[in-house]
Amino acid sequence: MKVYFAPNTRAVRTVWLLEEIGLTYELERFALGQKEMRGPDYLHINPNGRVPTLVDGDVTLSESTAIAQYLGARYAPDLTPGPEDAHFAQYLQWLHYAEGMIMPPVNNYVVETILLPPERRTPEIATRAMKLINRTLGAAEAHMAGRAFLAGDFTVADTITGHAVIMCRRMGAAFDGLPNLSAYADRLESRPAFQAAEAV
Ligand SMILES: N[C@@H](CCC(=O)N[C@@H](CS)C(=O)NCC(=O)O)C(=O)O
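None of these values were measured; they are calculated from a predicted model.

Thresholds applied
Residues numbered from 1 in each chain as written. Predicted model: local features only at pLDDT ≥ 70, side-chain atom pairs only at ≥ 80, totals over all residues. Helix = DSSP H or I, 4+ residues; strand = E, 2+ residues; numbered from the N terminus. Rg over C-alpha atoms; globule rule 2.2 N^0.38 Å. Core = buried A, V, L, I, M, F, W, Y, C linked by C-beta atoms within 7 Å. Buried ≥ 20, exposed ≤ 12 C-beta atoms within 10 Å, placed from the backbone. Domains from an automatic or database assignment. Contact = placed C-beta atoms within 7 Å. Near = placed C-beta within 6 Å. Nonpolar A, V, L, I, M, F, W, Y, C, P; charged D, E, K, R; others polar. Axes fitted to C-alpha atoms, helices over the stretch in contact; angles between N-to-C directions. Parallel < 35°, antiparallel > 145°, perpendicular 65-115°, else oblique. Left-handed = near helix turned anticlockwise from the far one by under 90°. Pairing = 2+ DSSP bridges.

Trainee: It is not clear to me how the overall build of the chain should be interpreted in this structure. Could you clarify?
Mentor: Regarding its fold elements, the chain presents 8 helices and 4 strands. For the chain, the α and β elements follow one another from N to C terminus as β-α-β-α-β-β-α-α-α-α-α-α. Computed over its C-alpha atoms, the radius of gyration of the chain comes to 17 Å, within 12% of the 16 Å expected for a compact globule of 200 residues. Along the first, second and third principal axes, the C-alpha set of the chain runs to 50 × 45 × 30 Å.

Trainee: I would appreciate a short explanation of the nonpolar core in the present structure.
Mentor: Most often, soluble globular proteins keep nonpolar side chains buried together rather than apart. The biggest cluster of nonpolar side chains holds 47 residues, and the ones touching the most others in it are Ile133 and Cys168. The set of elements that each furnish at least two residues to this core consists of strand S1 (2–5), helix H1 (11–21), helix H3 (64–75), helix H4 (88–115), helix H5 (123–143), helix H6 (156–171), helix H7 (179–189) and helix H8 (192–199). Each of domain 1 (2–79) and domain 2 (88–198) accounts for three or more of the residues forming this core. Look past the residues within four positions of Ile133 in its chain and what remains in contact with it is Ile102, Pro105, Val106, Tyr109, Cys168 and Ala173.

Trainee: Where do I start with H1 in this structure?
Mentor: An α-helix turns once per 3.6 residues; consequently, residues spaced three or four apart project the same way. Burial analysis of H1 places 10 of its 11 residues in the buried class, which makes it a mostly covered element. Of all the positions in H1, only Ala11, Val12, Arg13, Thr14, Val15, Trp16, Leu17, Leu18, Glu19 and Glu20 are classed as buried. Summarising the contacts, the buried residues of H1 are in contact with S1, strand S3 (53–56), H3, H6 and H8. Once H1 finishes, Gly22 follows within two positions and takes phi at roughly 90°, a positive value.

Trainee: Explain the site of the ligand to me, please; I cannot follow it from the model alone.
Mentor: Surveying the vicinity of the ligand reveals the residues Thr9, Arg10, Leu32, Met37, Gly49, Arg50, Val51, Pro52, Glu63, Ser64, Thr65 and Glu99. In terms of residue class, the shell around the ligand is built from 4 nonpolar, 4 polar and 4 charged.

Trainee: Any chance you could explain the packing of H1 against H3 here in plain terms?
Mentor: Two quantities define a packed helix pair, namely the angle between the axes and the distance from one axis to the other. It is the contact of H1 with H3, at a shortest axis distance of 9 Å, that shows an interaxial angle of 15°. What the angle tells us is that H1 and H3 run roughly parallel. Crossing of H1 over H3 shows right-handed handedness. Residues Arg13, Thr14, Leu17, Leu18 and Ile21 of H1 lie in contact with H3, whose contacting residues are Ser64, Ile67, Ala68, Leu71 and Tyr75. Of the residues contributing to the contact of H1 with H3, the split by class is 7 nonpolar, 2 polar and 1 charged.

Trainee: What am I meant to see in the sheet that holds S3 here?
Mentor: Hydrogen bonds between backbone atoms are what pair the strands of a sheet, whose relative direction is either parallel or antiparallel. Pairing within the open sheet is mixed, and its 4 strands lie in the order S2-S1-S3-S4. One side of each edge strand has no neighbouring strand; the edge strands of this open sheet are strand S2 (26–29) and strand S4 (59–61). Averaged over all neighbouring strand pairs, the angle between strand axes comes to 15°, with direction disregarded. Two elements, S1 and S3, share 3 bridges in a ladder whose sense is antiparallel. Within S3, the residue paired with Val3 across the bridge is Leu54. On the sheet, H1 packs against S1 and S3 and is oriented at approximately 150° with respect to S1.

Trainee: Would you mind showing me how to read the pairing of S3 here?
Mentor: Residues in a regular strand project their side chains so that they alternate between the two faces of the sheet. Bridge analysis of S3 against S4 gives 3 bridges, and the strand direction is antiparallel. Among the inter-strand pairings, Asp56 is bridged to a residue of S4, identified as Val59. Here S3 folds back onto S4 in antiparallel fashion, the turn holding 2 residues, of which Gly57 has a positive phi close to 60°.

Trainee: What exactly am I supposed to notice about the packing of H1 against H8 here?
Mentor: Where H1 meets H8, the axes come as close as 8 Å, and the angle between the chain directions of the two elements is 135°. Taken together, H1 and H8 sit at an angle that is classed as oblique. Of the two elements, H1 crosses H8, and the hand of that crossing is right-handed. In this structure, H1 contributes Val12, Val15, Trp16, Glu19 and Glu20 to the contact, and H8 contributes Ala193, Phe194, Ala196, Ala197 and Glu198. Split by residue class, the contact of H1 with H8 holds 7 nonpolar, no polar and 3 charged.

Below is the structure:
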């Protein structure tokens, strides 16, 4: 199994889950922005030139949530509540919450504060994006009251939306008023598999 990876990106989600499951994998490392990510060899594997991409035999996937769902279904049913599980609906909701709700404003915020050259940035867009990030985190904060993980015990969803929560905290989202999410992010960051994924 091969993971196309760059540090401090969504590719950490994939490696984190592989570490949780205990699968062996090979890493193809990029640095974010490296020109080879847009080169013909990699575009042949992932036409968007982004990370992560997972290649498992004849399967190639390049959406981090789809990769997580695939790895869970195929290799870690214990981390993947099925339809018969009382947490199934909650699991789906929070598995998809990161890319559906949290990451769109995160993308805007990163573009406006890091990727664009200073003269092309629009501060109002960054401010609005951060406001939206905080709002999406507010819903997760309410959900996490009295819960250790998003859907019962630790699941694949925690490697996706949990990772987005950790990234938002590192980006400077307003965690002062988010005690449940702060404790949740601490809980996830202390997991050996998460730490291993950050250290690859
Ligand atoms: N929805 C995709 C987003 C993938 C994505 O945008 N990855 C970023 C890193 S977090 C990337 O590769 N950016 C490189 C670029 O835009 O050049 C996923 O969840 O995998």
